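Fold and geometry: a report
Each chain is listed here by its residues.
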Amino acid sequence: MVEHYLKRIFALFHRSPNKATFEEYLNYLEEYDDNLVMKLFYYVRDNHTAMPSVAQLKKNLNTLKSRQTFNAARQEHEDCYFCVGVGLVPYLLSPKSDARITRYTQTMQRCKCSAGQEHDQRIPLHQKPQFEIEGDLSYPILVQVKMNKFNRKLNAVTAKAQSGAI
Ligand SMILES: [Zn+2]
């Protein structure tokens, strides 16, 4: 595969290299996986007007590799169950333990994943989940659902108390 794309790179610039030159490039590119070399071909096609030197290809490969790392990091963010890539995890405050509030309220904490590192370090770090995984819900939605449920209960209790039923 590497050889195939290398031939295509030479063909882009109407070059038919001698064996030695071709081997020189090939030796260098063979260290890289097929997928990256394929990307290199398209990169060269779109960005070069003349046949790049081995040194130039090396630079291009570094650019492509850093893009790959960046995309992988982004992918990781999006896959985070607790923050769904936002970097912030909701934390439920209870009026039973916090005198400042009368209803269940959410506050935000910094996620332990890499997305969380992009937020202000003064935001408290999310230490451990308050709720266990339920169904297909993402964690922020789960906290929202719990909060609504607890508040409905709270309303019912308050309503009962006010009507003198307790
Ligand atoms: Zn996260």
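Reading guide: rules and limits
Residues numbered from 1 in each chain as written. Predicted model: local features only at pLDDT ≥ 70, side-chain atom pairs only at ≥ 80, totals over all residues. Helix = DSSP H or I, 4+ residues; strand = E, 2+ residues; numbered from the N terminus. Rg over C-alpha atoms; globule rule 2.2 N^0.38 Å. Buried ≥ 20, exposed ≤ 12 C-beta atoms within 10 Å, placed from the backbone. Contact = placed C-beta atoms within 7 Å. Axes fitted to C-alpha atoms, helices over the stretch in contact; angles between N-to-C directions. Parallel < 35°, antiparallel > 145°, perpendicular 65-115°, else oblique. Left-handed = near helix turned anticlockwise from the far one by under 90°. Core = buried A, V, L, I, M, F, W, Y, C linked by C-beta atoms within 7 Å. Nonpolar A, V, L, I, M, F, W, Y, C, P; charged D, E, K, R; others polar.

For the protein, the count of helices and strands is 5 helices and 2 strands. Start at the N end of the protein and walk to the C end: the helices and strands fall as α-α-α-α-β-β-α. On C-alpha atoms alone, the protein measures out to a radius of gyration of 28 Å, which is more than a quarter above the 15 Å that the 2.2 N^0.38 rule sets for 166 residues. By residue count, 14% of the 166 residues in the protein fall in the buried class.

Even without glycine at this site, histidine 14 takes up a positive phi of about 50°. Along the chain, histidine 14 falls in the loop between helix H1 (2-12) and helix H2 (19-29). A positive phi angle, near 45°, is found at valine 84, a position not held by glycine. As for its position among the elements, valine 84 is in the loop between helix H4 (54-78) and strand E1 (88-93).

Bringing the environment of leucine 6 into the picture now. Here leucine 6 lies in helix H1. Separated by 142 residues in the primary sequence, leucine 6 and asparagine 148 place their C-alpha atoms 60 Å from one another. The residues touching leucine 6, leaving out its near neighbours within four places in the chain, are Tyr25, Leu26 and Leu29.

Bringing the packing of H1 against H2 into the picture now. Look at H1 against H2: their axes get within 10 Å of each other, and the N-to-C directions meet at 130°. One way to sum up the angle between H1 and H2 is to call them oblique. Crossing geometry of H1 relative to H2 is assigned as right-handed. Contact with H1, carried on its side by Val2, Glu3 and Leu6, involves Tyr25, Leu26 and Leu29 of H2 and no other residues of that element.

One finds Cys80, Phe82, Cys83, Val89, Cys111, Ala115, Tyr139, Leu142 and Val143 forming the largest nonpolar core, which totals 9 residues. The greatest single-element share of this core, amounting to 3 residues, is contributed by helix H5 (residues 139-162). The residues touching leucine 142, leaving out its near neighbours within four places in the chain, are Phe131, Glu134 and Leu137. By size, the runner-up hydrophobic cluster in this structure holds 7 residues, among which are Leu6, Tyr25, Val37 and Leu40.

In contact at an axis separation of 9 Å, H1 and helix H3 (residues 34-47) are set at 5° when each is read in the N-to-C sense. Taken together, the axes of H1 and H3 are roughly parallel relative to one another. The residues of H3 that touch H1, namely those facing Val2, Tyr5, Arg8, Ile9 and Leu12, are Asp34, Val37, Met38, Leu40, Phe41, Val44 and Arg45. Classifying every residue of the contact of H1 with H3 gives 9 nonpolar, no polar and 3 charged.

Glancing now at the environment of leucine 92. With respect to the helices and strands, the residue leucine 92 is situated in strand E1. In this structure the C-alpha to C-alpha distance between leucine 92 and aspartate 34, which are 58 residues apart in sequence, comes to 48 Å.

So, about the environment of leucine 125. Relative to the assigned elements, leucine 125 resides in the loop between strand E2 (105-110) and H5. Sequence separation of leucine 125 and serine 53 is 72 residues, and the distance between their C-alpha atoms is 48 Å. In this view, leucine 125 contacts Gln109, Arg110 and Lys112; residues no more than four positions away in its chain are not counted.

Geometric descriptors of this kind do not, in isolation, establish any biological role.
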